[in-house]
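# A closer look at the structure
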Amino acid sequence: MTNSPMERSLILYFRFVMAWTFIYAASHQVFVPGWTVVGFLNHTKTFHDVFVVFTTPTMAPVTTFLVEYGHLLIGLSLLFGLMVRVSAAFGVMLMIIYWFAHMDWPFIENQNNLIVDFHLVYAGVLVYLIVKRAGHVFGLDAWVENREFIKQHPSLKPLVA
């Protein structure tokens, strides 16, 4: 872990900004009755055949639930600094999936974004948080890592290390 106050501040800033991004997304999904991923996934272009599978009547409720509560849990994890390595890894996965879903090769979403858009930037920030052990910067990961339960079960340590 770094000793530089500037770097710690930057890590905390990125963690909180990414937490807000996921929590804000969740607020428009979890608390809006009838929200579903079908509308978004039906408009994919480059990889439409891959994503349309998740819009079937059988898969849509499962996919919707995973997206809604995945956003919420990732956001809360980043906010409190608990299990940041795990949540940030899932966040990276989601950002890459969204990047593919917005793709109209070689453009992403519109003609202003050629190959790179904010999803890849967010994924990069999340990777930075993983590498820098962001949960240890004013987060619960450092506290949980020192609990007796984790010491007795070392296989759980990677979740908070």
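We now turn to the structure provided with this report. Computed from a predicted model, the values in this text were never measured in an experiment.

### Notes on the packing of helix α1 (residues 5-27) against helix α4 (residues 60-80)
- Their axes nearest at 7 Å, the elements α1 and α4 cross at an angle of 155°. For the element pair α1 / α4, the angle class is roughly antiparallel. Where α1 crosses over α4, the handedness of that crossing is left-handed. Two secondary-structure elements touch here, α1 through R15, F16, M18, A19, F22, I23, A25 and A26 and α4 through E68, H71, L72, I74, G75, L76, L78, L79 and F80.
- Looking at the contact of α1 with α4, its residues break down into 13 nonpolar, two polar and two charged.

### Overview of the pairing of strand β3 (residues 110-114)
- Among the five residues that make up β3, zero are buried, leaving the element largely open to the surroundings.
- Relative to β3, strand β2 (residues 107-108) runs antiparallel, the two sharing two bridges. Directly across from I108, in β3, lies its bridge partner N110.
- Between β2 and β3, which pair antiparallel in sequence order, lie one residue; one of them, E109, sits at a positive phi of approximately 70°.

### Brief notes about unusual backbone geometry
- The backbone phi angle of I115 is positive, close to 70°, even though this residue is not glycine.
- Here I115 shows up in the loop between β3 and α6 (118-131).

### Description of the pattern of salt bridges
- Under the counting rule described, the total for this entry stands at three salt bridges.
- Residue R133 is joined to E145 by a salt bridge in which the shortest nitrogen-to-oxygen separation is 3.7 Å. Remark: E145 occurs in helix α7 (residues 140-145) and R133 occurs in the loop between α6 and α7; sequence separation between them is 12 residues.
- Given the relative accessible area of 13%, E145 is considered buried.

### Remarks on the side chain of T64
- One can find T64 in helix α4.
- Here T64 falls in the buried class, since its relative accessible area comes to 7%.
- In this structure the side chain of T64 is engaged in a polar contact, spanning 2.8 Å, whose partner is the backbone oxygen of A60.
- When near neighbours in sequence (up to four residues on either side) are disregarded, T64 contacts W35, T36 and V37.

What counts and how
Residues numbered from 1 in each chain as written. Predicted model: local features only at pLDDT ≥ 70, side-chain atom pairs only at ≥ 80, totals over all residues. Heavy atoms only, no water. Axes fitted to C-alpha atoms, helices over the stretch in contact; angles between N-to-C directions. Helix = DSSP H or I, 4+ residues; strand = E, 2+ residues; numbered from the N terminus. Parallel < 35°, antiparallel > 145°, perpendicular 65-115°, else oblique. Left-handed = near helix turned anticlockwise from the far one by under 90°. Contact = heavy atoms within 4.5 Å. Nonpolar A, V, L, I, M, F, W, Y, C, P; charged D, E, K, R; others polar. Buried < 20%, exposed > 50% of the residue type's maximum accessible area, 1.4 Å probe, protein only. Pairing = 2+ DSSP bridges. Salt bridge = Lys/Arg side-chain N within 4 Å of Asp/Glu carboxyl O. Polar contact = N/O pair within 3.5 Å; in protein donor to acceptor, adjacent residues only side chain to side chain.

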